[in-house]
Amino acid sequence: MKFSELALYFQKLENTTSRNAMTEILAHLFGEASGDEIDKICYLTQGRVAPLFIALEFGMAEKMMIKAISLAYGISEKEVGEVFKREGDMGKVVEELKTQNSKLKTTTQNLKVSEVFSVLEEIANSSGVGSVERKTRLLADLLKKVDSLSARYIVRIPLAKMRLGFSDM
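Residues numbered from 1 in each chain as written. Predicted model: local features only at pLDDT ≥ 70, side-chain atom pairs only at ≥ 80, totals over all residues. Heavy atoms only, no water.

1. Focus on helix 2 (residues 19-32)
Quick note on the threshold: Under the scheme used here, helices are H or I runs from DSSP no shorter than 4 residues and strands are E runs no shorter than 2 residues, and both carry numbers assigned from the N terminus. Multiplying 1.5 Å by the residue count of a helix minus one yields the expected span of that helix. Whether a residue is buried, partly exposed or exposed follows from its accessible area with a 1.4 Å probe, protein chains only, as a fraction of its type maximum: under 20%, in between, or over 50%, in that order. By definition, the arc is the one covered by directions from the helix axis to the C-beta atoms. Polar contact is the term for a pair of N or O atoms within 3.5 Å; when the atoms are in protein, one must be able to donate a hydrogen and the other to accept it, and sequence-neighboring residues count only if both atoms are side-chain atoms.
Taking 1.5 Å of rise per residue, the 14 residues of helix 2 would be expected to cover 20 Å, and the 20 Å separating its terminal C-alpha atoms lies within 8% of that figure. Burial in helix 2 covers these residues: M22, I25, L26 and L29. The arc that holds the buried residues of helix 2, viewed along the axis, is 95 degrees, so those residues lie on one side. Of the residues in helix 2, the exposed ones pointing more than 90 degrees away from the buried face are N20, T23, E24 and G31. If you check the start of helix 2, you find a side-chain oxygen 3.4 Å away from the backbone N of N20, and it comes from S18.

Structure below.
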């Protein structure tokens, strides 16, 4: 499955308030996914890349995300910060900035869920000297390759602010 398709499911979930409708959307999503993708999709919907019993965290805050967005799109950190102050949601910030800048639209690739998951997993596993720069660069490179809606959710995953309207249960 392409990550852009998963992002569309995430958008449907975000725009739905009915528990039953959410269940139907998730059932359809899991029906469309291959057996190799279901675990990855489950973790991504929770804003994770591993089950809760494995202590693997992204270790990324909004300030670090602003730096990654700035690096990805060649926009000043100040400008990204101003849009964040107005929007209050880093996902909407990256979506807006990617949409506004027409030259960025042509750089998108149709990445698979597994490809995005691998990069996010690499970010989460990155530690030690230089890890902040490595995480920022990996995320910036990923943001360059995806469409604006996919970017919205890719940014929300490391921040654990998916805003999909359901809990881990």
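2. So, the pattern of salt bridges
The condition is simple: In what follows, salt bridge is the name for a side-chain nitrogen of Lys or Arg lying within 4 Å of a carboxyl oxygen of Asp or Glu.
Going through the model one piece at a time under the given rule, you end up with nine salt bridges. Between E14 and R152 there is a salt bridge, with the nearest N and O atoms lying 2.8 Å from each other. Separated by 138 residues along the polypeptide, E14 in helix 1 (residues 3-14) and R152 in helix 10 (residues 148-159) bring together distant segments of the chain. Overall, R152 belongs to the buried group, its relative accessible area being 9%. Two residues, E57 and R48, come together in a salt bridge whose shortest N-O distance is 3.2 Å. Judged by its relative accessible area of 8%, R48 is buried. Each of the salt bridges in this network shares a partner with another, and the network as a whole consists of E14, D89, E95, R152 and R156.

3. Digging into the packing of aromatic side chains
Definition in use: Only Phe, Tyr and Trp rings are paired, with Trp represented by its six-membered ring, and only when their centres lie within 6.5 Å; those with planes under 30 degrees apart are stacked, over 60 edge-to-face, the remainder tilted. Any Lys NZ or Arg CZ that is within 6 Å of a ring centre and within 35 degrees of that ring's normal is treated as a charge sitting over the ring.
In total, this model carries one aromatic pair according to the counting rule given. Centre to centre, the rings of F10 and Y153 are 5.4 Å apart; their planes meet at 65 degrees, and the pair counts as edge-to-face. Separated by 143 residues along the polypeptide, F10 in helix 1 and Y153 in helix 10 bring together distant segments of the chain. The two residues F10 and Y153 agree in class, both being buried. The ring of Y9 carries K12 above its face, with NZ or CZ at 5.0 Å from the centroid. Directly above the ring of F117 sits K40, whose terminal nitrogen or CZ lies 5.6 Å from the centroid.

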